Amino acid sequence: FDSAVIVDTGAGTAVGTGSGAGNVVFDTTLTLSDVGGADDLTITADAGSVTFTGAVALGTNDLTIASSDTATVTAGIGGSTGSLDFTTTTRTDVDGAIALTGAGVVQLDAATISAAGGVTTVAGLIDFDSAVIVDTGAGTAVGTGSGAGNVVFDTTLTLSDVGGAD
């Protein structure tokens, strides 16, 4: 997608490449509209990759990668009570902060967090399903704020010693 994308169908929307190694790339912004119902988006790239180059705005909607080899978040993802669920085979690169201002849910496979803003919610759930690597070279935020909420590392957490304090 070469231009800004707005999902405002009022229902769930699916984008996919079919089986094989096709890629899904959002070159600029992606907005899941909060007007007119649930504007959830499910992406299937199978053995390909999913890339979010521009900022992603979830609002209260859900963004799901049902299958992908890799996923890359470059400019970050923001929202409130929406949820992210990324199923990747190899890696999820978090190069821009994922910041939900409400009790949203973030579930990532094999996350490599390279953004100091890290992954945050306010009283939501953050669940890392596979090994996590933090390699920002600076302090990194992963947390659910001062209210309820949980951060779950299902396997290993590695703080890289390359480039500074992680």
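Source: prediction; values computed, not measured.

**Student:** Can you help me understand the overall build of the protein chain in this one?
**Tutor:** Per the secondary structure count, the protein chain includes zero helices and 19 strands. The C-alpha radius of gyration of the protein chain comes to 15 Å, within 12% of the 15 Å expected for a compact globule of 166 residues. With the C-alpha coordinates aligned to their principal axes, the bounding extent of the protein chain is approximately 40 × 35 × 25 Å. By the burial criterion, 40% of the 166 residues in the protein chain qualify as buried. Across the protein chain, the fraction of contacts at a sequence separation of at least 24, relative to all contacts at a separation of at least 6, is 36%. Roughly 6,900 Å² of accessible area belongs to the protein chain as shown, and the carbon and sulfur atoms make up 54% of that amount.

**Student:** Quick question: what am I supposed to make of the pattern of salt bridges here?
**Tutor:** For side chains of opposite charge, pairing can occur when their charged atoms come near one another. Scanning the model with the defined rule gives one salt bridge in all. The residue R91 makes a salt bridge to D93 at a minimum N-O spacing of 2.7 Å. Take R91: its relative accessible area is 31%, and that puts it in the partly exposed class.

**Student:** Please clarify how the sheet that holds strand β9 (residues 77–79) should be interpreted in this entry.
**Tutor:** Adjacent strands of a sheet pair through backbone hydrogen bonds, lying either parallel or antiparallel. With parallel pairing, the seven strands of this open sheet are ordered in space as β1-β4-β7-β9-β11-β14-β17. Sheet topology places β1 (5–7) and β17 (142–143) at the edges, where each strand pairs with a single neighbour. In terms of strand pairing, β9 meets strand β11 (residues 98–100) through three bridges, oriented parallel. Across the sheet, G79 pairs through a bridge with L100, a residue of β11.

**Student:** Looking at this model, I keep getting lost on the side chain of S68. Mind explaining?
**Tutor:** Residue position: S68 is located in strand β8 (residues 62–73). With a relative accessible area of 1%, S68 lands in the buried category. A polar contact of 2.5 Å, which involves the side chain of S68, links it to the backbone oxygen of T70. Those residues in contact with S68, other than ones at most four positions away along the chain, are A45, D46, G48, S49, V50, T87, T88 and T89.

Reading the values: the criteria
- Residues numbered from 1 in each chain as written.
- Predicted model: local features only at pLDDT ≥ 70, side-chain atom pairs only at ≥ 80, totals over all residues.
- Heavy atoms only, no water.
- Helix = DSSP H or I, 4+ residues; strand = E, 2+ residues; numbered from the N terminus.
- Rg over C-alpha atoms; globule rule 2.2 N^0.38 Å.
- Buried < 20%, exposed > 50% of the residue type's maximum accessible area, 1.4 Å probe, protein only.
- Contact = heavy atoms within 4.5 Å.
- Areas by Shrake-Rupley, 256 points an atom, 1.4 Å probe, with all protein chains shown as cover.
- Salt bridge = Lys/Arg side-chain N within 4 Å of Asp/Glu carboxyl O.
- Pairing = 2+ DSSP bridges.
- Polar contact = N/O pair within 3.5 Å; in protein donor to acceptor, adjacent residues only side chain to side chain.

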